[in-house]
Amino acid sequence: MALLRTFLLRLVTTIITLFGVAVIVFVVIRVVPGNPIAMMLPPGATEDDIAQLQALYGFDKSILEQFIIWLSGVVQGDFGTSISTRQPVAGLVLNRLPATLELSIISLIFAVLMGGTMALLGTRYRDGKAEGVIDVIAGMALSIPDFLWGLILILLFGVLWPVFHISGRISPALNIDFSTQFYLFEAILRLRFDVIYDLIGHMLMPALALAIPLAAIIAQLLKQSLKETMHLDYVTLARTKGYSEGKVITREALPNAVLPTLTLVGVQFTFLIGGTVIIERLFSYEGLGNMAIDAVINRDLPLIQGIVILFALLFTLVNLTVDILYVVLNPRLRNAR
Amino acid sequence: MQDERGALKRPLGLRLWLSGSWLTLLFFAALFAPLIAPKDPLMQDLFLGRMPPFWESGAEPGFWLGTDSLGRDVLSRIVYGARLTLIVAFVAGVLTCIIGATLGLIAGYYRGWADRIISRFVDIWMAFPPILFAILLIAVLGPGLFSIIIAIIIIDWTRFARVIRAEAMSQGAMDYVASAQVAGRTKLDTMLSEILPNVLPTIIALLTLEMGIGVIVEAILSFVNLSISTDSPTWGGMISEGRTSIHQAWWVLVFPLITLFLTVLSFSQLGEGLKDRFDPVLR
Amino acid sequence: MTAYLSIRNLTVTLTGGTPILRNVSLDVVAGQVHGLVGESGAGKSMIGKAVLGTLPRALTISTGEIWLDGVNILTLKPSQRRQRIGAIAALIPQDPLTALNPSKRIGPQITRRLVDILGWSKQVATARALELLAEVQIPDPVRVMRTYPHELSGGMRQRILIASAFAAEPKLIIADEPTTALDVTVQKQILRLISDMQTRHSTALLFVTHDLGVVSKVCDTLSVLYAGKVVEDARMHRFFMRPIHPYSAALLAATPTYTDPTGSLTPVSPKVIKAVEQEIQEHDMRARQ
């Protein structure tokens, strides 16, 4: 019951937020001074050309009319036509989405593994030198944004000690036919370990760049939460039962300490997804973000509009998932009537 | 106990001192760029393309940190690039701060419908990927210094509004505010003379952090060629160029990268340091 | 009669040197209940924590011996010590509301250590847990095993903690103010339950409390603690008939008795406190020399 109510409530706010995002994107693109159609055309286009194009993209109607037309298209899965490629926006965007999703999820896994390890070690050796070292590392990692981490990784592992791929998604030499755009997922299903190796090798650097700041946040939040939990009576009781300190932390304290950090990590994960835009560019990774920047350079407004709304959808879906996970993992809420 | 606290304070002081010095150095470099820069940052000389920095063999005297593929002096371009970086950092930072903090104060202290409207906008803003939002705005406004500043303000005002709203709310619940109002002061007067001074430390710390964000946003936008026109030197533009010639001329990437790294780190360390200093709980 | 737990000259100090326990010695005989009485802050909980190895980080054992089942556990390596204590001793904690892990069901919280530490099979451990839950008079044990702590009352949770403490048939149980956090009506039931369980399993029990009335009902012997020092060590009858130390006498006079509930209470006089404090000062002087 509680689960269903939370879900429905969140679903409604999600839809409202998405609608708000759509309105803002739509208005921003059309209200700002400067004719968007004039911006699309090469210099020297005639008035006639402009009028023709305006009619084609519906810019000659009022903003409200345009919005209604656009929205009714969106509801049917039609996001308009890209100006630079003359293909449907929905198809273009969905084709690139899997690459970005795979990168984001691998980054999240890295971040959780690195941040979790740091938090557990920091708790195990708390109030000692080791904890101080972890605090300093997390502090540094946090004050440097993913863009800079990406550049630093390129320098370290692409130039000084060139062991990892620093551009692309897959080696062209591999030459295999994928039936979906989820390369990694598909390679895992097909048990093509050479392909998995190659894909992970390409993702490693961009994923690390995205993961490092998030790992630092996880390390800080989870460690604080763990340390608070370590003072509680049931943890002390577990100690008298003969469990080692490490087991006491992972078995007794961790399940309860994870919960308060979950919501914050969810918000931070949306920032990570946002970060893929620039990181994909930096590592020439063929995902949504890379396409977004090309779209801006080409002034492809329908495409930009589609990408921004898709990103907003991803954000709200992550938040929704976190809220549901929170209820599922919390026995107090799960059984509440 | 006393000793432990002293030990904690000392590295904090060093941190503030180091970041402050770097930023001061950068400020003067930007201010007196024409006097400091050894060369004209725009001067091209294809015969002097990709000269290494001074300690490597084959370096050209006078070009201390080497040249890029068009023979432009890397050091001079970094010095001139500091101008644009710092203008964006200060102007965008201060304007974002003023707008965001004002809205946050109003929402947190006046509450009611003002709070409801502002908070709803903050929620919608949170659903936007910040970098994508920036790129969208630049796409609409067109590349340029002015666009970058506007984009940062539009995107980041919520950062101030959120924090200051929460602070103003907790301050507004304090007894001294109630007693100021009982004494017959107007709400506006109370907000400016009682609440504002108490949230000012937080505002200053946030402002410093925001300047660091301004630096990185400018670098990212010039990296993807959406900043100001290509002929004025920017760190992001240099990094973008250096990224493509990384195997032939590492110095074109490394020096602007180090400068950017130190600047971003300094702003954030300064901001975090100020936050710690002002936070009465940590103090 | 040999003591199962024997503490000899235990001194525990705060980092920096302030003693929390001064030269404490006491014995708990197998199958008997030893009360440990004192005001709050006297350090009585710290004795239990020193034995179980859960002293706060700021405290260290500076001197002394803790003999448990014939072994001085302070000479063992930490991991050996932990395992030994886990196998033969158990704790009944003070606050049942915080002593159960909120994210786990009751069943695993009782059985897990039986499987992990003692190497029992899962079925045997579950059967044992059910048997014990029935023994502590929990209705419908099968259902309770599947519940989460927040679904149960404080009294129920304390029963579960008692069952859990007895689950591995420990030879020593330390009960740290086990009834303080409960309602007065529940207190009596829990006290009776602990006492019954102790008799049935013939465990050595160290009963830490500030309540002499409670001690009079369950204990065979007792130690009175003041400011980290044992001021009196006695058998129950003798103590209540004729306390030797002036602080004990004063404490006794300040406790309501069930035999004479209308009788007036006498607060511990400042003179007595001064005398005890002088004694402790002398002890510290001697320790320093």
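What counts and what doesn't
- Residues numbered from 1 in each chain as written.
- Chains lettered and ligands numbered in written order.
- Predicted model: local features only at pLDDT ≥ 70, side-chain atom pairs only at ≥ 80, totals over all residues.
- Helix = DSSP H or I, 4+ residues; strand = E, 2+ residues; numbered from the N terminus.
- Buried ≥ 20, exposed ≤ 12 C-beta atoms within 10 Å, placed from the backbone.
- Contact = placed C-beta atoms within 7 Å.
- Rg over C-alpha atoms; globule rule 2.2 N^0.38 Å.
- Axes fitted to C-alpha atoms, helices over the stretch in contact; angles between N-to-C directions.
- Left-handed = near helix turned anticlockwise from the far one by under 90°.
- Pairing = 2+ DSSP bridges.
- Nonpolar A, V, L, I, M, F, W, Y, C, P; charged D, E, K, R; others polar.
- pLDDT = per-residue confidence, 0-100.
- Parallel < 35°, antiparallel > 145°, perpendicular 65-115°, else oblique.

1. Re the overall build of chain A
Of the regular secondary structure elements, chain A holds 14 helices and 0 strands. Put simply, chain A runs from its N terminus to its C terminus through helices and strands in the order α-α-α-α-α-α-α-α-α-α-α-α-α-α. Taking the principal axes of the C-alpha coordinates as reference, chain A spans close to 85 × 55 × 40 Å. With 337 residues in all, chain A has 39% of them scored as buried. Taking contacts inside chain A between residues at least 6 apart in sequence as the whole, the part at least 24 apart equals 71%.

2. Focus: the overall build of chain C
Check the secondary structure of chain C and you find 11 helices and 10 strands. Scaling as 2.2 N^0.38, a compact globule of 289 residues should have a C-alpha radius of gyration of about 19 Å, and chain C matches this with 20 Å. Counting only C-alpha atoms and orienting by the principal axes, one finds that chain C spans roughly 60 × 50 × 35 Å. The long-range share in chain C, meaning contacts at least 24 apart out of those at least 6 apart in sequence, stands at 66%.

3. Examining the packing of helix H3 (residues 74-110) of chain B against helix H6 (residues 145-172) of chain B
Between two packed helices, both the angle of their axes relative to each other and the distance between the axes serve to describe the pair. At a minimum axis separation of 5 Å, H3 of chain B and H6 of chain B run at an interaxial angle of 35°. Along this stretch, H3 of chain B crosses H6 of chain B, giving a crossing that reads as right-handed.

4. Some thoughts on the arrangement of the chains
Considering every one of the 2 pairs of chains in contact, the largest contact total is recorded for chains A and B. Across the gap from chain B to chain C, with no contact made, the nearest C-alpha atoms are 10 Å apart.

5. A word on the sheet that holds strand E6 (residues 89-92) of chain C
Residues and elements named next belong to chain C. Strand order in the open sheet made by the 6 strands is E6-E7-E8-E3-E9-E10, with mixed pairing throughout. Strands at the two margins of the open sheet, each flanked by one partner only, are E6 and strand E10 (229-235). The sheet shows a mean angle of 15° between the axes of neighbouring strands, taken without regard to direction. Direction of pairing for strand E3 (residues 33-38) relative to strand E9 (residues 221-226): parallel, over a ladder of 5 bridges. Residue pairing across strands places glycine 35 opposite leucine 222, the latter belonging to E9. Contacts from helix H10 (residues 246-253) reach E9 and E10, with the element oriented near 100° to E9.

6. Here we look at the interface of chain B and chain A
Each partner contributes to the interface: chain B provides 33 residues, whereas chain A provides 35 residues. Elements with a minimum of two residues in the side of chain B that touches chain A: helix H4 (112-126), helix H5 (130-141), helix H8 (187-223) and helix H10 (250-278) of chain B. No other element matches the 10 residues that H10 of chain B contributes to the side of chain B that touches chain A. The class makeup of the residues in the side of chain B that touches chain A is 26 nonpolar, 5 polar and 2 charged.

7. Considerations on the sheet that holds strand E4 (residues 59-68) of chain C
Residue and element names in this part refer to chain C. Ordered by their spatial adjacency, 4 strands build an open sheet running E2-E1-E4-E5, and the pairing between neighbours is antiparallel. Where the open sheet ends on each side, the last strands, each with one partner, are strand E2 (19-29) and strand E5 (71-72). Two elements, strand E1 (residues 3-14) and E4, share 8 bridges in a ladder whose sense is antiparallel. Within E4, the position partnered with serine 6 by the bridge is tryptophan 67.

8. Side note on the interface of chain C and chain A
Contact with chain C, which involves 24 residues of that partner, is made by 17 residues of chain A. Mapped onto the side of chain C that touches chain A, the elements with two or more residues apiece are helix H2 (78-88) and E6 of chain C. Among the elements that make up the side of chain C that touches chain A, the one with the highest residue count is H2 of chain C (6 residues). Partitioned by chemical class, the residues of the side of chain C that touches chain A number 11 nonpolar, 8 polar and 5 charged.

9. Remarks on the confidence of the model for chain C
On average, chain C scores 85 in pLDDT, and the residues at 70 or more come to 92%. Here the prediction assigns the complex a pTM of 0.84, and the interface score ipTM is 0.82.

10. So, unusual backbone geometry
Residue and element names in this part refer to chain C. Unlike most non-glycine residues, asparagine 23 shows phi in positive territory, near 55°. Looking at where asparagine 23 falls in the secondary structure, it is placed in strand E2. On the basis of neighbour counts, which here come to 18 C-beta atoms within 10 Å, the residue asparagine 23 falls in the partly exposed class. You will see that alanine 227, though not glycine, has its phi angle at about 50°, which is positive. Here alanine 227 is to be found in the loop between E9 and E10. Take alanine 227: there are 21 C-beta atoms within 10 Å of it, and that puts it in the buried class.

11. Overview of the environment of isoleucine 273 of chain A
Within the secondary structure, isoleucine 273 of chain A is located in helix H11 (residues 245-282). Its 24 C-beta neighbours within 10 Å are what place isoleucine 273 of chain A among the buried residues. For isoleucine 273 of chain A, the residues in contact, after removing those within four places along its chain, are Ser104, Leu314 and Phe315 of chain A together with Pro129 of chain B.

12. Some thoughts on the pairing of E3 of chain C
Residues and elements named next belong to chain C. Here E3 lies mainly inside the structure; 6 of its 6 residues are buried. With burial as the criterion, each face of E3 is covered, one bearing Val33, Gly35 and Val37 and the other bearing His34, Leu36 and Gly38. Two elements, E3 and strand E8 (residues 204-209), share 5 bridges in a ladder whose sense is parallel. When the sheet's bridge partners are listed, glycine 35 is paired in E8 with phenylalanine 207.

13. Quick look at the environment of glycine 112 of chain B
One can find glycine 112 of chain B in helix H4. Along the primary structure glycine 112 of chain B and phenylalanine 267 of chain B are separated by 155 residues, whereas in three dimensions their C-alpha atoms are 35 Å apart.

14. Quick notes on the confidence of the model for chain A
Per-residue pLDDT for chain A averages 85, and the proportion of residues at 70 or more is 93%. Within chain A, the element-level pLDDT minimum falls on helix H2 (residues 36-40) of chain A, averaging 60, and the maximum on helix H5 (residues 89-124) of chain A, averaging 94.

15. Comments concerning the pairing of strand E7 (residues 172-176) of chain C
The two faces of a sheet get side chains in turn, since along a regular strand they alternate between them. Residue and element names in this part refer to chain C. In terms of residue burial, E7 counts as a mostly covered element, since 5 of its 5 residues are buried. Alternating positions in E7 separate into two faces, Leu172, Ile174 and Asp176 on one and Ile173 and Ala175 on the other, with burial throughout. As defined by bridge partners, E6 adjoins E7 across 4 bridges and the pair is classed as parallel. Bridging across to E7, alanine 90 finds its partner in isoleucine 173. Strand direction decides the pairing type here: E7 and E8, joined by 5 bridges, are parallel.

16. Concerning the packing of H4 of chain B against H6 of chain B
Residues and elements named next belong to chain B. Closest axis-to-axis distance for the H4/H6 pair is 10 Å, and the angle between their directions is 130°. Classified by the angle between their axes, H4 and H6 sit oblique to one another. In this structure, H4 crosses over H6, and the sense of that crossing is left-handed. Across the interface between the two elements, Ile118, Val122 and Trp125 from H4 touch Thr158, Ala161 and Arg162 from H6. Looking at side-chain class alone, the contact of H4 with H6 contains 4 nonpolar, 1 polar and 1 charged residues.

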